[in-house]
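# Examining the three-dimensional arrangement
One letter stands for each residue in the lines below.
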Amino acid sequence: MSSGGGGRNWRLVRADTDAVPPSVRRFMARARQRRLRAALPWAVALGVLLVLGGLTWMIYGTPVLGVRDVKVVGTQLLTPEQVQAAVRVPADEPLARVDLDDVRDRVRAIPAVDRVVVRRSWPSTLVVEVVERTPVAAVPAGRQFTLIDRSGVPYQTVADKPADLPLLRLTRPGPADQDTRSGLTVLGSLSDELREQLVAVSVAAPAQIKLELRKDRTVVWGDDTQSERKSQVATVLLRRAGSEIDVSAPTVVTIR
């Protein structure tokens with residue numbers, strides 16, 4: 001009985017499997033394929049997310065792409081080491097996390113620096129391009145001289161006046177100082193002939209500007225208004241004799 005029953009059970013199971021019609025099996029296979037196709041985009045998206053997450057972590061969270069070199073470009077008066085000291089970015093700091101604006105502000109705080117551009121150079125270099133200030137005049141400061149740029153910013157003190165710079169006699173040089181601005185306005189208006197003979201621009205007050213020329217000649221300028229016109233008149237009068245030329249009122253000039 002037991003043996004016979006076992007045979008019947010086997011035939012029943014075999015019949016259950018073999019009894020599935022081919023059309024049903026094809027339907028079930030297609031259903032599995034549809035499920036696989038539906039799951040494939042999600043699997044791909046998950047894989048992409050995992051890859052992007054790994055790359056992001058590597059770029060922002062590890063020293064693999066960290067700062068290993070600070071390249072300084074454009075220095076003349078300054079040394080690259082002075083600029084690098086102002087950068088103050090830790091070694092191996094992830095390059096992507098470096099705050100370029102902060103670096104620019106720190107380098108820009110160096111008095112001799114006029115403009116700064118900071119950029120990343122992958123995989124591991126921070127490039128700092130500086131434009132130094134260009135002196136336009138030297139201001140006497142005791143036995144030394146302070147160099148100022150076109151904006152009136154004093155940025156360097158030297159023992160000797162550079163031969164190619166005029167003197168600008170001021171009390172408190174600086175971009176906010178009215179005397180400084182007036183002196184630079186006059187200096188910028190001078191003709192080549194006046195510049196050739198110029199020794200100094202003296203600004204005792206905004207309306208008391210004088211040019212000190214070679215051979216002890218003086219041009220009384222007054223204030224900085226009509227400077228272009230005053231320059232033209234003074235240039236013409238250089239050919240005349242006299243130790244003092246007064247162009248403070250350029251329509252009525254005097255020579256003494």
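Structure shown above.
Criteria and thresholds
- Residues numbered from 1 in each chain as written.
- Predicted model: local features only at pLDDT ≥ 70, side-chain atom pairs only at ≥ 80, totals over all residues.
- Heavy atoms only, no water.
- Pairing = 2+ DSSP bridges.
- Helix = DSSP H or I, 4+ residues; strand = E, 2+ residues; numbered from the N terminus.
- Axes fitted to C-alpha atoms, helices over the stretch in contact; angles between N-to-C directions.
- Contact = heavy atoms within 4.5 Å.
- Salt bridge = Lys/Arg side-chain N within 4 Å of Asp/Glu carboxyl O.
- Buried < 20%, exposed > 50% of the residue type's maximum accessible area, 1.4 Å probe, protein only.
- Parallel < 35°, antiparallel > 145°, perpendicular 65-115°, else oblique.
- Left-handed = near helix turned anticlockwise from the far one by under 90°.
- Nonpolar A, V, L, I, M, F, W, Y, C, P; charged D, E, K, R; others polar.

The strand order across the open sheet built from 3 strands is S1-S3-S2, with neighbouring strands paired in mixed fashion. What marks the edges here is a single partner per strand, and that holds for strand S1 (69-73) and strand S2 (113-121). This sheet shows a mean twist of 20° between the axes of neighbouring strands, independent of strand direction. The sheet contact formed by S2 and strand S3 (residues 125-132) spans 8 bridges and is antiparallel. Each residue of the ladder has a partner; that of Val116, found in S3, is Val130. Where helix H3 (residues 80-87) meets the sheet, its contacts fall on S1 and S3, and the angle it forms with S1 comes to roughly 125°. Packed onto the sheet, helix H4 (residues 100-108) meets S2 and S3 and runs at close to 150° relative to S2.

This paragraph deals with the pairing of strand S8 (residues 198-205). Sheet topology note: the strand S7 (residues 167-169)/S8 ladder contains 3 bridges and is parallel. Bridge pairing links Arg169 to Ser202 in S8. Pairing of S8 with strand S9 (residues 208-213), which is carried by 6 bridges, proceeds in the antiparallel orientation. When the sheet's bridge partners are listed, Ser202 is paired in S9 with Lys210. If you look at the hairpin formed by S8 and S9, you'll find 2 residues sitting between the two strands.

This part takes up the pattern of salt bridges. Summed over the entire model, instances satisfying the criterion amount to 10 salt bridges. Linking Arg104 and Asp105 is a salt bridge whose minimum nitrogen-to-oxygen distance equals 3.7 Å. The exposure class assigned to Arg104 is partly exposed, which follows from its relative accessible area of 34%. Taking the relative accessible area as the measure of exposure, Asp105 reaches 44% and is therefore partly exposed. The salt bridge involving Arg133 is made with Asp114; its shortest N-O contact spans 3.8 Å. Note that Arg133 is positioned in the loop between S3 and strand S4 (137-141) and Asp114 in strand S2, a separation of 19 residues in sequence.

Here we come to the packing of H3 against H4. Two elements in contact, H3 and H4, have axes whose closest approach is 8 Å; the angle formed by their N-to-C orientations is 130°. Comparing the axis directions of H3 and H4 gives the class oblique. In this structure, H3 crosses over H4, and the sense of that crossing is right-handed. Facing H3, whose interface residues are Val83, Ala86 and Val87, H4 presents Val103, Arg106 and Val107. Across the contact of H3 with H4, the residue classes tally to 5 nonpolar, no polar and 1 charged.

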